[in-house]
Amino acid sequence: MNQKLKEKILESLSSVLPVAGIVLALSVLLVPLDVGNVMIFLVSTVMLIVGMGMFQLGAETAMNPLGEGIGGELSKSGKTAVIIFISFVMGVLITIAEPDLQVLSNQVPSVPNSVLIWTVAVGVGLFLAVAVMRVVLKVNLSVLLMIFYAILLILSFFVPKDFLAVAFDSGGVTTGPMTVPFIMAMGIGLSAMRGDKDASSDSFGLVALSSIGPILAVMVLGCFYAPKETADMTTEIASVATMRDVIEIFVIELPHYAKEVLISLLPIAGVYVIFQLARRKYQKRQRMRIAMGFLYTYVGLVLFLCGVNVGFAPIGTMLGSEIAGSGMEWIMIPIGMIMGYFIVKAEPAIQVLNHQVQSVTKGTVSGKTMNHCLSIGVAISIGLSVLRILTGLPIQWIIIPGYIIALVMSRFVPKIFVGIAFDSGGVASGPMTSTFLLPFCIGACGALGGNLMTDAFGVVALVALTPLIAIQIMGLRYRFRMSRQMRAVRPDIMLPEDSDVIVEFTEE
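Residues numbered from 1 in each chain as written. Predicted model: local features only at pLDDT ≥ 70, side-chain atom pairs only at ≥ 80, totals over all residues. Heavy atoms only, no water.

Q: Mind laying out the overall build of the protein chain, listing which residues take part and the relevant values?
A: Across its full length, the protein chain carries 21 helices and zero strands. Classification of the 508 residues of the protein chain by burial places 59% in the buried group. Across the protein chain, the fraction of contacts at a sequence separation of at least 24, relative to all contacts at a separation of at least 6, is 85%. When the accessible surface of the protein chain is totalled, it reaches about 19,800 Å², and 66% of it is carbon and sulfur. (Helix = DSSP H or I, 4+ residues; strand = E, 2+ residues; numbered from the N terminus. Buried < 20%, exposed > 50% of the residue type's maximum accessible area, 1.4 Å probe, protein only. Contact = heavy atoms within 4.5 Å. Areas by Shrake-Rupley, 256 points an atom, 1.4 Å probe, with all protein chains shown as cover.)

Encoded structure:
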């Protein structure tokens, strides 16, 4: 086995095992599962581990160099119209190819899938163009975030309440395993061509701004399409009697996901071919590595999505429904928080983000610290999501104060942490959230007789929100620590409010 692939699989193994352990413990203590269902879940877990390991290797060898290459060429072109057009087109193509978006589009029956998908894609394309121009023109990220989120929060009061949670969820599902590696690498490529002291800080933030576009676009759409009913999202685990039955289930489902992922990858592969023919940027060895990266990404995502949807999503719905209907519904809050704490470690895009953060910050911000902060943030968000299901608490009561806190903090945190924090919110709400935690909440909401559109939906939005605050708290902590160390060495040094002391001090 490829040594690098082995390392990636071992990393995913350590991430997924806690989640599987929690599910199995609940199946013994609270929601008994028959042996057949347990076998389906275990096979799904193996596919998840292998698939995520292959995806991570593929993203590292294909999506990252492609994104950096295109970002660098855009930066060198110097033509504003070309930069905006290419960024918009790439944002649209990559979003249409995002598997997570298909999950959400199937939940809004009163809006045709194609209408919702294209609305979200146009929103991402527009704001990816804005994000790219921000890097080129060196515009402060915090200022842009405050302006756009102010518009977003004001508009939220005019959107039908049955559509509001879906709008906020759309911002999370568009930053999934396909878009995040490419967009983040594109930001690094753009900033690398500048070479100034703020380049590292500006390499982050593209995902953050790209997440705003679909929320605003879907809010506007919601003023014209108000959902009247909810699609039946309940999923059942197939009845099995033998191991042969278990294998047959996955054999039947694999072609569907193979086709879905192929459609997802084709637009990005097309961009690569066109870019290579136009610029001749990659040599033969690099082309072979990128081709193998696409292959790893394809096979990994097929295994990952098949494992998640066949085993994890049905188990999530069953657990949520059974626990909520057991008369001990309040125990769902700590259970949800425990699952949220560990499940974010299984998000493929999180590993991509951690690697790039460690690279840009010269190891000052470790992947372990990032994982810990994100886990705490997501745990709180799942607890709040379950609380909303139990009490019917409107999502605005959490979303609006949460974003206000995050935006105010962005004025006091080192710029690099602002970009990291808002990017983290997008990548935390990946496929594991939409295929396990969302079904868990849907199952619980259905068992309690709640409104799925207003109560169950919104979990992706809250998962995307809390890391914004958690990572910025980490940024404040690092600013304080580095300021104290600098004063101990050079008492005469005054730390500017907007400096990236973390990176600069480490390099010295």
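Having seen it, we continue.
Q: Outline the environment of Gln286, supporting the account with residue identities and numerical values.
A: As for its placement among the helices and strands, Gln286 is situated in helix α12 (residues 284–324). Between the alpha carbons of Gln286 and Thr61 there is a distance of 9.1 Å; along the sequence they are 225 residues apart. Of note is the side chain of Gln286, whose polar atom sits 2.9 Å from the backbone nitrogen of Gln283. (Polar contact = N/O pair within 3.5 Å; in protein donor to acceptor, adjacent residues only side chain to side chain.)

Q: Before we move on, could you go through the packing of helix α1 (residues 3–29) against helix α13 (residues 332–343) and cite the residues and values that matter?
A: With their axes 8 Å apart at the nearest point, α1 and α13 run at an angle of 160° to one another. It follows from the interaxial angle that α1 and α13 lie roughly antiparallel. Where α1 crosses over α13, the handedness of that crossing is left-handed. Note on element contacts: α13 touches α1 through Ile335, Ile338, Met339, Phe342 and Ile343, opposite Ser15, Pro18, Val19, Ile22 and Leu26. Grouping the amino acids of the contact of α1 with α13 by side-chain chemistry returns nine nonpolar, one polar and no charged. (Axes fitted to C-alpha atoms, helices over the stretch in contact; angles between N-to-C directions. Parallel < 35°, antiparallel > 145°, perpendicular 65-115°, else oblique. Left-handed = near helix turned anticlockwise from the far one by under 90°. Nonpolar A, V, L, I, M, F, W, Y, C, P; charged D, E, K, R; others polar.)

Q: Account for the pattern of salt bridges, with residues named and values stated.
A: One pass over the structure, following the stated rule, counts one salt bridge. Across the pair Glu248 and Arg244 runs a salt bridge, and its minimum N-O distance is 3.5 Å. With Glu248 and Arg244 both in helix α11 (residues 243–279), this residue pair falls four residues apart, about one helical turn. Judged by its relative accessible area of 38%, Glu248 is partly exposed. Looking at Arg244, the relative accessible area reads 64%, which means it is exposed. (Salt bridge = Lys/Arg side-chain N within 4 Å of Asp/Glu carboxyl O.)

Q: So what's going on with the side chain of Thr45? Residues and values would help.
A: Mapped onto the fold, Thr45 is located in helix α2 (residues 35–77). Residues contacting Thr45, with those up to four places away along its chain left out, are Val16, Ala20 and Phe312.

Q: Mind laying out the packing of aromatic side chains, listing which residues take part and the relevant values?
A: Inspection of the entire model under this criterion finds six aromatic pairs. For the ring pair Tyr272 and Phe294, a centre distance of 6.0 Å and an interplane angle of 45° mean the geometry is tilted. Taken together, the residues span a long stretch of sequence, with Tyr272 in helix α11 and Phe294 in helix α12 at a distance of 22 residues. As far as burial versus exposure is concerned, Tyr272 and Phe294 are alike and both buried. (Phe/Tyr/Trp six-rings, centres within 6.5 Å; stacked < 30°, edge-to-face > 60°.)

Q: How would you sum up a nonpolar patch on the surface? Please name residues and give values.
A: A cluster of nonpolar side chains, namely Val28, Leu29, Leu30, Met328 and Ile331, defines an oily patch on the protein surface of about 470 Å² accessible area. Assignment of secondary structure puts Leu29 in helix α1. (Patch = residues over 30% accessible without salt bridge, like charges linked within 9 Å, V, L, I, M, F, W, Y side chains within 5 Å.)

Q: With reference to specific residues and values, describe the packing of helix α6 (residues 141–155) against helix α10 (residues 206–222).
A: At their nearest, the axes of α6 and α10 sit 10 Å apart, and the two run at 20° to each other. With respect to α10, the element α6 is oriented roughly parallel. For the element pair α6 and α10, the recorded crossing hand is left-handed. On α10, the residues touching Leu141, Leu144, Leu145, Phe148, Tyr149, Ile151, Leu152 and Leu155 of α6 are Ala208, Leu209, Ile212, Ile215, Leu216, Met219 and Val220. Grouping the constituent residues of the contact of α6 with α10 by class yields 15 nonpolar, no polar and no charged.

Q: Residue-level account of the confidence of the model for the protein chain, with values.
A: Taken residue by residue, the protein chain gives an average pLDDT of 79. The fraction at 70 or more is 84%. Looking across the protein chain, the model is least confident in helix α21 (residues 501–507), with a mean pLDDT of 42, and most confident in helix α16 (residues 396–409), with 88. Confidence over residues 497–508 falls short of pLDDT 50; this stretch has 28 contacts with residues more than four positions distant or in other chains. (pLDDT = per-residue confidence, 0-100.)

Q: Go over α6 with me, naming the residues and quoting the values.
A: Given a rise of 1.5 Å per residue, 15 residues ought to cover 21 Å, and the 21 Å separating the end C-alpha atoms of α6 matches this to within 8%. Among the residues of α6, Leu141, Ser142, Leu144, Leu145, Phe148, Tyr149, Leu152 and Leu153 are the ones counted as buried. The buried residues of α6 occupy an angular sector of 155° when the element is viewed end-on, so they sit on one face. Where α6 begins, the capping side chain belongs to Asn140, and its oxygen is found 2.8 Å from the backbone nitrogen of Ser142. (Expected span 1.5 Å × (residues − 1). Arc of directions from axis to C-beta.)

Q: Could you give an account of the environment of Glu260, with specific residues and numbers?
A: Secondary-structure assignment places Glu260 in helix α11. A residue is classified by how much of its surface remains accessible, and Glu260, at 22% relative accessible area, is partly exposed. The spatial distance from the C-alpha of Glu260 to the C-alpha of Val302 is 8.3 Å, given a sequence separation of 42 residues. In this structure Glu260 touches Pro99 and Leu305, once residues within four positions along its chain are discounted.

Q: Pulling in residues and values, what's your account of the nonpolar core?
A: Leu145 and Phe422 are the most contacted members of the largest nonpolar core, which has 154 residues in total. When neighbours within four sequence positions are excluded, Phe422 is seen to be in contact with Leu145, Tyr149, Ala208, Ala406, Leu407, Ser410, Leu468 and Gln472. (Core = buried A, V, L, I, M, F, W, Y, C linked by side-chain atoms within 4.5 Å.)

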